[in-house]
Amino acid sequence: MAALNTILYLVVFPGILFLFIYSTFVEWFDRKVFARLQNRMGPTHTGKSGLLQPIADFVKLMAKEDIVPDKVDKKMFTALPVVGLAVVLTAGLLLPVWNIDLAVASPISFPGDLIVLLYLLTLPTLVLFLAGWSSTNAFSILGGTRVLTMLFGYEVPLFLAVLSPAVLAGSWRLAEIAAFYRAHPLLILPNLIGFGVALIAVQAKLERTPFDIPHAETEIVGGTFTEYSGKKLAFFRLMADIEMVVAAGLLATVFLGGFGGGFISAFAQFIVKTLFIVFLLSVLRAVTGRIRVDQVVSFAWKWLAPLAVLQLLIVILIKGFVL
Amino acid sequence: MKFNIPIGPQHPALKEPISIRLTVEGEVIRDADLRLGYNHRGVEKLAEEKSYVQNIYLTERICGICSHSHSTCFVQGAEKLLEIVPPRRGVYLRYLVSELERVHSHLLWLGVAGHEAGFDTFFMYTWRDREVVMDLLEMISGNRVHYAINTLGGVRRDIDEPLRQKILEGLKVLKARSEYYFKVGASEPTFVARLAGVGRLTKQQAIDLCATGPTAKASGVALDVRKNDPHDFYDEVEFDVPTADTCDVLGRTVVRIKELFESYKICEQILQKLPDGPVAVKAPRRAKPGEVVSRYEAPRGENIHYIVANGTDKPERLKVRAPTLGNYAATIEMLRHGYIADVPLIFAAIDPCICCAERSVEMIDARSGEERTLRFSDLRRMANERARTLPLQRNVEWPL
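Residues numbered from 1 in each chain as written. Chains lettered and ligands numbered in written order. Predicted model: local features only at pLDDT ≥ 70, side-chain atom pairs only at ≥ 80, totals over all residues.

Our focus in this paragraph is the overall build of chain B. A tally of regular secondary structure across chain B gives 15 helices and 10 strands. For 400 residues, the compact-globule estimate of 2.2 N^0.38 gives 21 Å, and the C-alpha radius of gyration of chain B, at 23 Å, lies within 12% of that figure. Seen through its principal axes, chain B has C-alpha atoms that stretch 75 × 60 × 50 Å. For chain B, the residues scored as buried account for 46% of the 400 residues in total. Long-range pairs, those at least 24 residues apart, make up 68% of the contacts in chain B with a sequence separation of at least 6. (Helix = DSSP H or I, 4+ residues; strand = E, 2+ residues; numbered from the N terminus. Rg over C-alpha atoms; globule rule 2.2 N^0.38 Å. Buried ≥ 20, exposed ≤ 12 C-beta atoms within 10 Å, placed from the backbone. Contact = placed C-beta atoms within 7 Å.)

The interface is formed by 23 residues belonging to chain A together with 27 residues belonging to chain B. When contributions to the side of chain A that touches chain B are tallied by element, the ones reaching two or more residues are helix H6 (138-169), helix H9 (217-220) and helix H12 (293-321) of chain A. With 3 residues, the top contributor of residues to the side of chain A that touches chain B is H9(A). Residue composition of the side of chain A that touches chain B, by class: 10 nonpolar, 7 polar and 6 charged. (Nonpolar A, V, L, I, M, F, W, Y, C, P; charged D, E, K, R; others polar.)

Formed by 189 residues in total, the largest nonpolar core has its most connected members in A:Ala198, A:Ala201, A:Val246, A:Ala247, A:Leu251, A:Val296 and B:Ile346. Ranked by residues supplied to this core, first place goes to helix H10 (residues 230-255) of chain A with 17 residues. Filtering out sequence-adjacent residues up to four positions away, A:Leu251 remains in contact with A:Ala198, A:Leu199, A:Val202 and A:Ile277. (Core = buried A, V, L, I, M, F, W, Y, C linked by C-beta atoms within 7 Å.)

With that settled, consider unusual backbone geometry. All names here are of chain A. Cis geometry is found at the peptide bond from Thr-209 to Pro-210, where omega equals 5°. The topology assignment puts Pro-210 in the loop between helix H8 (192-205) and H9. Notably, Ser-49 is not glycine yet its phi reads approximately 50°, a positive angle. Tracing the backbone through its elements, the reader meets Ser-49 in the loop between helix H2 (16-37) and helix H3 (53-63).

Bringing the sheet that holds strand E7 (residues 301-309) of chain B into the picture now. Residue and element names in this part refer to chain B. A sheet is described by the order of its strands in space; here 3 strands give the open sequence E6-E7-E8, paired in antiparallel fashion. Strands with a single pairing partner mark the edges of an open sheet, and in this sheet they are strand E6 (290-298) and strand E8 (315-321). Adjacent strand axes in the sheet meet at a mean angle of 15° when their direction is disregarded. The strands that helix H3 (residues 67-82) touches are E6 and E7; relative to E6, the one it contacts most, it runs at about 150°. Across the sheet, helix H12 (residues 323-335) is in contact with E6, E7 and E8; its angle to E7 comes to roughly 125°. (Pairing = 2+ DSSP bridges. Axes fitted to C-alpha atoms, helices over the stretch in contact; angles between N-to-C directions.)

The next thing to look at is the confidence of the model for chain B. Confidence in the prediction of chain B, expressed as mean pLDDT, is 84, and 90% of residues score 70 or more. For this predicted complex, the interface confidence comes out at an ipTM of 0.80, alongside a pTM of 0.83. (pLDDT = per-residue confidence, 0-100.)

Shown next as structure tokens:
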């Protein structure tokens, strides 16, 4: 039974199959919201209201010719999309969506899994940098350096913002943090500053407007992905979609009380809460223009980092005087 | 580490082929160079073989955005050569289309600026509202892009009272929307952060480098043919020449939006004062020998047509100087010391119309970097020489 459970967990829910289907749905949702905010229709053609469009895009890219340029490091160029996808899928497994017994530490929920999840979410950035750097194309190299430059901006504020609810809950374990906020719903409110900081940092991590600098098409063509085509590009796009689901799931777990109750209830909460966060990210994407990479770093250190520290201070004061 | 980045001739930021070569250090541009000549079309040569009437429609096709600018500029000059004066109603309608074209061109530019700055929502909105003015132009002339409303001695179509009302209503909608864009363009933080202080061109530089149009106006130089040389119409309407002193892309945006309001003002005055009478007079076919320089304030700046007549029904020579050509020298100055991220914005801020400006063939030796300008006869001689001396290719056989 345990073996069957593990296989189900890895392959079906919330493993590869679920993450694939749900991430394509989230991409559709994001595209639709973005399009409606821009007075456009968004995908309409494939499936009902264009629901199958992201899957159609994926299948189309998989069928395209796969070109590996002569000058690149072929092993690294080929391995990077797979590594990136594997990393985000692994990160997806750590989300506490299965009804987990809080008393038992298991391979998928253990004290400190918050840190592991944050670490796994940092790896795709490194993968993107290496992808740009190993492409040996002027545009890719610029894209790769922009990926790393941005990382120095948003990573610290993101960590600080995500850790402060954990400090308040007194646990490094995602399931326990979520359970704490379900037990004390009012304590979600003091974390709102952190929630805002984390939303903006996640937007930067996902490289979406106003932070779509590494692949700003009007400046550096495809940026990191300039040389990528076919299956490898499909994998990178899927990686970005799943990363969005995982990041939204992480924010929902630590800031919005996670996903409690039985399987059905947890599943419904997961869908609603992640879609809510994706909706916020889509609105942010629609109402802003792209900023410059130096503006990202100065914005992150002038505003995001101090706000995250303020959030940490608030949490420490509450923990000291109220609880 | 310095390295070279080619922007173009094919690049997502460029709608038409031009090559910008940048020497960059990290994200900072140390040097910039423009290479032209990817889009030679032979318009001027063709104009020598067509009659004055045919040339109206040829010059209209020099540009797809400011089509009316080129045909009006040509018609203004040709009318002087043919010694005819168009009736007042014809003149008013001609410049009504001119101002509506300026509105559509500036709205288009706002959208492009939004897109170059990664602000696609702005792009979608401005282009949606641009449809209003496109519809008005279609109602007036029958076409959305090449209006073909000019003719020698006036315009080809008249407007009636219901259409006049419709244009006034359309202008009201456009005015309200433009006010909104003024607010967004000047206050959305990410957008302003990208535009302010980018692509600096001081007043002195703008004068020295012969910048024109909104590029010059944004550097505080009130250069506008409509005011400086109001040909036969613009002294009859009230309008201002908006300028800005910020000398950057934000200034160019603001100037363009303010120009929109001036254009609405002019359109309203035209529709109020519209005289009665015919819209055109009959024009003779031949022009007496002579020459004329015709100037016109296109949406992008000063457009100049130089026409030489030789007594036949065809011009001896037609020389077109599109406003984009006047702004290239200033562009290189603006690009220096900027960031790579600002290149599309700076370049887009002159509202480049590359196909308008392309004239000569310039050859660059790939090995030595040596440049020389070639005439068509040289090209033909080179081609013949090459064909004679070409070594016989192995395995090449006529298949049949």
